[in-house]
Amino acid sequence: MSKIIRIGTRDSELALWQAKTVQKQLKEQGYQSVLVPVKSIGDLVLDKPLHELGITGVFTKTLDIAMLKGEIDIAVHSMKDVPTVLPKGIVQAAVLKRGNYMDILAFKNNEEFLGQKEAVIATGSLRRKAQWLNRYPSHEIVDLRGNVQTRAEKLDNNDWNGAIFAAAGLERVGLEFENTIGLTWMVPAPAQGAVVVVALEDDEFSKNACKELNHKETEICTTLERKFLNLLEGGCTAPIGALAIIKDTNISLKGVLLSVDGRKKIEVEFTSKLGKHENLAEACVERIFSRGGKLLMSEIAGITKEPVVFSTKKLTTEQAERFDSKIAVASEDFIQISLNRIPRLTLKAAHKNVIITSQNAVEALIASINPEELKFENIYCVGRKTKRLIERRIGKVTHFESSAKELADYLVEHIDGTTASYFCSNIRLDELPSILAEHKIELTEIEAYSTKKSPIKVANSIKGVLFYSPSTIDSYLQENSSDVVAYCIGDTTATEAKKHFSKVYTAKMPTLESVIDLVNKDYE
């Protein structure tokens, strides 16, 4: 044990406390050591938020370089500052027993601002900012950088209501505020409150010395939290929190991902038996992704700032994620649907032949009467999804086709009788009624729902537009030019689109998902 271990550390009071703690524990194990303080880029550049520095490991990089150059033997870090992938040649040597992992709010006068619309809260952390705005969306967040003491002084010298700190940092430097609140609802940063020691991979002496300092329970929990962070591909640029807790023979992992403005939040939690927890982080990330996490990460990365494709129907998260990752997409409803209350006398009467060309009409029927009271003998419809909805909620479908024209052609040849009831919108195509009228089939139209056009101006970056009906085309053209590619859900929509657009593509199947697949194929 003759070698003196050189401990690299930042020169802030908190970093020195951590390094001295490691030094003390090494001494207890019989090892000699010396502190080697250095300044990091994160300590030197204080006029920018951390996420704007554009450097991974902004507080650890300088020490990594010093270690690789042989100037220090080990480095001590706040574990939450350490990138999830260490530089080549550097390994994790020990994790000390975790301290307080909570965030706390230090405030000046009283807590009344928490119930008020306007308040100013200081923090340099995207994670804290996003979670605060998620809970208090009308509050203002100002940037707060510097060591613990510097940030405390800034709180005193500014007209802010409060500032957020890591509880462990305050405790370790012995700093107390008169007024504080533990933010138990705020998910901490992965590995917050933990101290990690790193060493060169081939330095067996230093690694063996540090092995005695390792706290196994903290190592297990922080490994899960950092794996969650790594799988989400997060860092200083994404508001991500994670906390693993061991209780008895179980371990739970809570993870959260938010938009930078806090408006969107996806939080998950899973529990597993200790010893069978290896895939706990993967399970949490998979659930995050299934609830829109991939799209949210893309938004955070700025991929969707300049959309190139626009859907004239508002997309679900799952639908938006179906697009190829290189395609930035935006969406809005260009048609507003409202269901009509259909008279019960009309619905309780016997209807020999019923025509339904939209799921909206099915929803209107269900909303107007108990389906068991309907006396529909033959039901003819357009679309496979409409057919499935009818058979699930109303009854058996006699026949269906992919388009209104195809259904009209079929009815001309096969309808039972010469009359039919058509449950439709106030805006509907003339094709089906015209074909039936030409062949002396009398049609009674019943307005089941109302369609209202809701046009908006799309961004200049849009190169392609998804259309789902002739009505969406008409609505789109009220505010926008036809100098785009039109991706259409079916032949009827495509026929209308060809009157206005030079490039028109039609999906193989009349489904929204098929239109998205069409866009993906075109962008290959």
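Overview of the structure. Nothing here was measured: the structure is a model prediction, and the numbers come from that model. (Residues numbered from 1 in each chain as written. Predicted model: local features only at pLDDT ≥ 70, side-chain atom pairs only at ≥ 80, totals over all residues. Heavy atoms only, no water.)

1. Overview of the overall build of the chain
- Each helix and strand counted, the chain has 19 helices and 24 strands in total.
- Its C-alpha atoms give the chain a radius of gyration of 32 Å, clearly above 24 Å, the size a compact globule of 524 residues would have.
- For the chain, the spread of C-alpha atoms along the three principal axes comes to 105 × 50 × 50 Å.
- Expressed as a percentage of its 524 residues, the buried residues of the chain come to 49%.
- The long-range share in the chain, meaning contacts at least 24 apart out of those at least 6 apart in sequence, stands at 65%.
- Carbon and sulfur atoms make up 46% of the accessible area of the chain, which totals about 25,800 Å².
- Each charge class in the chain can be summarised by its mean position, and for the 68 positive and 70 negative side chains these summaries are 2 Å apart. (Helix = DSSP H or I, 4+ residues; strand = E, 2+ residues; numbered from the N terminus. Rg over C-alpha atoms; globule rule 2.2 N^0.38 Å. Buried < 20%, exposed > 50% of the residue type's maximum accessible area, 1.4 Å probe, protein only. Contact = heavy atoms within 4.5 Å. Areas by Shrake-Rupley, 256 points an atom, 1.4 Å probe, with all protein chains shown as cover. Lys, Arg positive; Asp, Glu negative; His and termini not counted. Charge placed at Lys NZ, Arg CZ, Asp CG, Glu CD.)

2. With respect to the pairing of strand S11 (residues 240–247)
- Where burial is concerned, most of S11 is hidden: 6 out of the 8 residues are buried.
- Bridging between S11 and strand S12 (residues 250–258) involves 8 bridges; their strand directions are antiparallel. Residue pairing in the sheet places Gly241 in a bridge with Val256 of S12.
- Linking two consecutive strands that pair antiparallel, namely S11 and S12, is a turn of 2 residues; a positive phi of about 60° is found at Asp248 within it. (Pairing = 2+ DSSP bridges.)

3. Things to note about helix H14 (residues 384–393)
- Buried within H14 are the following residues: Thr386, Leu389 and Ile390. Buried positions in H14, seen along its axis, are confined to an arc of 100° and lie on one side of it.
- Residues of H14 that are buried in the fold lie against strand S17 (350–356), helix H13 (359–368) and strand S18 (375–382). (Arc of directions from axis to C-beta.)

4. Concerning the packing of aromatic side chains
- Per the stated rule, a full pass over the model turns up 13 aromatic pairs.
- Here the aromatic rings of Tyr136 and Trp185 are separated by 6.5 Å at their centres, their planes lie at 70°, and the arrangement is edge-to-face. Residue Tyr136 is located in the loop between helix H4 (126–135) and strand S7 (140–142), and its partner Trp185 is located in the loop between strand S9 (180–182) and strand S10 (195–200); the two are separated by 49 residues in the primary sequence.
- Overall, Tyr136 belongs to the buried group, its relative accessible area being 16%.
- The exposure class assigned to Trp185 is partly exposed, which follows from its relative accessible area of 22%.
- Centroid distance Phe467 to Tyr476: 5.3 Å. Interplanar angle 75°. Geometry classified as edge-to-face. Across the pair, exposure class does not vary: Phe467 and Tyr476 are buried alike. (Phe/Tyr/Trp six-rings, centres within 6.5 Å; stacked < 30°, edge-to-face > 60°.)

5. As for the nonpolar core
- One finds Phe228, Leu232, Ile240, Ile251, Leu253, Leu257 and Ile288 to be the most contacted residues of the largest nonpolar core, which totals 24 residues.
- Listing elements by their share of this core, those giving two or more residues are helix H8 (216–231), S11, S12, strand S13 (265–273), helix H9 (280–290) and helix H10 (293–301).
- Contact partners of Ile251, with chain neighbours within four places excluded, come to Ile220, Cys221, Leu224, Ala244, Ile245, Ile246, Phe270, Thr271, Ser272, Leu274, His277 and Leu280.
- The next biggest cluster of nonpolar side chains, apart from the first, holds 22 residues, and it includes Ile342, Val354, Phe376 and Val397. (Core = buried A, V, L, I, M, F, W, Y, C linked by side-chain atoms within 4.5 Å.)

6. Examining unusual backbone geometry
- Here Ala191, not a glycine, exhibits a phi torsion of approximately 70°, which is positive.
- Take Ala191: it is sitting in the loop between S9 and S10.
- With a phi angle near 60°, Lys440 is a residue other than glycine that sits in the positive phi range.
- Among the structural elements, Lys440 can be located in the loop between helix H16 (431–438) and strand S21 (442–453).
- For Lys440, a relative accessible area of 70% puts it in the exposed group.

7. Re the sheet that holds strand S22 (residues 464–467)
- Taken together, the 5 strands give an open sheet; going across it, the order is S15-S14-S22-S23-S24, and neighbouring strands pair in parallel fashion. If you trace the sheet from one side to the other, it starts and ends with strand S15 (329–331) and strand S24 (503–506), each paired once. With strand direction ignored, the average angle separating the axes of adjacent strands in the sheet is 20°.
- Where strand S14 (residues 309–311) lies against S22, 3 bridges are found, and the strand directions are parallel. By the bridge assignment, Phe310 is partnered in S22 with Val465. (Axes fitted to C-alpha atoms, helices over the stretch in contact; angles between N-to-C directions.)

8. With respect to the sheet that holds S12
- What the 3 strands build is an open sheet, ordered S11-S12-S13; its pairing is antiparallel. Where the open sheet ends on each side, the last strands, each with one partner, are S11 and S13. Between one strand and the next, the sheet's axes are offset by a mean angle of 10°, whatever the strand orientation.
- Examined bridge by bridge, S12 and S13 share 9 bridges and lie antiparallel to one another. Directly across from Gly255, in S13, lies its bridge partner Val268.
- Relative to the sheet, H4 contacts S11, S12 and S13, its axis offset from that of S12 by approximately 80°.

9. Details of the environment of Ile390
- Tracing the backbone shows Ile390 in helix H14.
- For Ile390, a relative accessible area of 0% translates into the label buried.
- Distance from Ile390 to Asn147, taken between C-alpha atoms, is 64 Å for residues 243 residues apart in sequence.
- Leaving out residues up to four positions away in the same chain, Ile390 has contacts with Ile356, Val362, Ile379, Cys381, Gly395 and Val397.

10. Overview of the pairing of strand S2 (residues 32–38)
- Alignment of strand S1 (residues 4–10) against S2, held across 7 bridges, turns out to be parallel. When the sheet's bridge partners are listed, Arg6 is paired in S2 with Val34.
- A crossover links S1 with its parallel partner S2, the connecting element being helix H1 (residues 13–28), and its sense is right-handed. (Right-handed = clockwise from strand over helix to strand, strands pointing away.)

11. Describing the pattern of salt bridges
- Per the stated rule, a full pass over the model turns up 27 salt bridges.
- When the shortest N-O distance is used, the salt bridge between Glu225 and Arg98 registers 2.8 Å. Separated by 127 residues along the polypeptide, Glu225 in helix H8 and Arg98 in the loop between strand S4 (90–95) and strand S5 (103–107) bring together distant segments of the chain.
- Here the salt bridges do not stand alone but share partners, grouping Lys3, Arg6, Asp73 and Asp203 into one network. (Salt bridge = Lys/Arg side-chain N within 4 Å of Asp/Glu carboxyl O.)

12. Remarks on a positive patch on the surface
- A cluster of basic side chains, namely Arg384, Arg388, Arg392 and Arg393, defines a positive patch on the protein surface.
- Position of Arg388 among the secondary structure elements: in helix H14.
- Taking the relative accessible area as the measure of exposure, Arg388 reaches 46% and is therefore partly exposed. (Patch = residues over 30% accessible without salt bridge, like charges linked within 9 Å, V, L, I, M, F, W, Y side chains within 5 Å.)

Coordinates in, geometry out; function isn't part of it.
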